[in-house]
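# Summary of the model geometry
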Amino acid sequence: MAWWLMKSEPEVYGIDHLAAEGTTLWDGIRNYQARNFMRSMAVGDQAFFYHSNASPPGIVGLMEVVETGLVDPSQFDPQSHYFDPRSSRDQPRWDCVRLAFRGRFARLLSLEELRSGFSVEDLAVVRRGNRLSILPVADAIAARLLETLGPVQS
DNA sequence: GCCAACGTTGGC
DNA sequence: GCCAACGTTGGC
């Protein structure tokens, strides 16, 4: 079982949306590195939900991968912000996973706090200007995060 | 294959 | 709104 950190803007899709829906398709990823991380996910993997472009930004909850290898439908939709004219049904370019809500942490673990307790080697999200929306988290670092945050409340 | 121009993310 | 970081694109 692997650990991940996945970012989303709470105004667009935050932990409250996921809590209400139960599960969601993590679609709209248009970065090859992030896509490749999704491709390496397995059912049962856990992901920290990170609120980006928030005040303050930080980790708010926990998710679990419940389905992998799904074609991202938004790439075919001309109305979608994520439409990709280079994609075809025969040769889709983007895929995604389905995630389930596992709970909120009792408090937010802010980026500022992450920077004071973790190095760039530990957790890429602490690097200034980091743009990758999906990042792997080493087991030992995940354990430290969970230790800091305590159990989730579902 | 190089690299300049451009676009996007996201903190501040 | 600014800007750092960095991926992508396209001319050559």
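Right above here is the structure, for reference.
Residues numbered from 1 in each chain as written. Chains lettered and ligands numbered in written order. Predicted model: local features only at pLDDT ≥ 70, side-chain atom pairs only at ≥ 80, totals over all residues. Heavy atoms only, no water.

### So, the nonpolar core
With 42 residues, the main nonpolar core has Trp26, Ile59, Leu114 and Leu145 as its most contacted residues. With residues near it in sequence (within four places) discarded, Leu114 still touches Tyr50, Ile59, Leu109, Leu123, Val125, Val126 and Leu145. (Core = buried A, V, L, I, M, F, W, Y, C linked by side-chain atoms within 4.5 Å. Buried < 20%, exposed > 50% of the residue type's maximum accessible area, 1.4 Å probe, protein only. Contact = heavy atoms within 4.5 Å.)

### Considering the pattern of salt bridges
If you walk through the whole model with that rule in mind, you get nine salt bridges. Among the ionic pairs, Arg39 bridges to Asp95, the shortest N-O distance being 3.0 Å. Here the residue Arg39 occupies a position in helix H3 (residues 32-39), and Asp95 occupies one in strand E5 (residues 95-110), the gap between them amounting to 56 residues. Its relative accessible area of 15% is what places Asp95 among the buried residues. Salt-bridge contacts for Arg102 lead to Glu64; the nearest nitrogen and oxygen are separated by 2.9 Å. Taken as a pair, Arg102 in strand E5 and Glu64 in strand E4 (residues 58-71) lie far apart in primary sequence, 38 residues in all. (Salt bridge = Lys/Arg side-chain N within 4 Å of Asp/Glu carboxyl O. Helix = DSSP H or I, 4+ residues; strand = E, 2+ residues; numbered from the N terminus.)

### Thoughts on the protein's contact with DNA strand B
By nearness alone, every residue bordering DNA strand B is listed as Lys7, Tyr50, Ser52, Asn53, Pro57, Leu111, Arg115, Asn130, Arg131 and Ser133. For DNA strand B, the fraction of atoms within 4 Å of the protein that belong to sugar or phosphate moieties is 78%. For DNA strand B, a phosphate oxygen lies 2.8 Å from a polar atom in the side chain of Tyr50. The side chain of Arg131 places a nitrogen or oxygen atom 3.0 Å from a base oxygen of DNA strand B. Classifying every residue of the surface near DNA strand B by side-chain character gives three nonpolar, four polar and three charged. (Near = heavy atom within 4 Å. Polar contact = N/O pair within 3.5 Å; in protein donor to acceptor, adjacent residues only side chain to side chain. Nonpolar A, V, L, I, M, F, W, Y, C, P; charged D, E, K, R; others polar.)

### Topic: the protein's contact with DNA strand C
Lining the immediate surroundings of DNA strand C are Asn31, Tyr32, Gln33, Arg86, Arg127, Arg128, Gly129 and Arg131. Counting only the atoms of DNA strand C within 4 Å of the protein, the fraction contributed by sugar and phosphate is 86%. At a separation of 2.5 Å, a phosphate oxygen of DNA strand C approaches a polar side-chain atom of Arg86. Within the side chain of Arg127, an N or O atom sits 3.0 Å from a phosphate oxygen of DNA strand C. A per-class count over the surface near DNA strand C returns one nonpolar, three polar and four charged.

### Digging into unusual backbone geometry
In this structure, Pro56 follows Ser55 across a cis peptide bond, with omega equal to -5°. Relative to the helices and strands, Pro56 is located in the loop between strand E3 (46-51) and E4. Positive phi is not limited to glycine here, since Asn53 has a value of about 55°. Judged by relative accessible area, Asn53 falls into the exposed class, the value being 64%.

### Re the side chain of Thr24
Tracing the backbone shows Thr24 in strand E2 (residues 23-25). The buried category is assigned to Thr24, whose relative accessible area is 9%. Polar side-chain contacts of Thr24 include one of 3.4 Å to the side chain of Tyr13. Here Thr24 is in contact with Tyr13, Leu18, Val97, Arg98 and Leu99, once residues within four sequence places are set aside.

### Looking at the packing of aromatic side chains
Under the counting rule described, the total for this entry stands at five aromatic pairs. Plain terms: the ring middles of Trp3 and Phe48 are 5.4 Å apart, the flat faces sit at 25° to each other, and that makes the pair stacked. Pair noted here: Trp3 is in strand E1 (residues 3-8) and Phe48 is in strand E3, with a separation of 45 residues, a long-range link. Taking the relative accessible area as the measure of exposure, Phe48 reaches 0% and is therefore buried. An aromatic cluster of at least three residues, connected via ring pairs, comprises Trp3, Phe48 and Phe105. (Phe/Tyr/Trp six-rings, centres within 6.5 Å; stacked < 30°, edge-to-face > 60°.)

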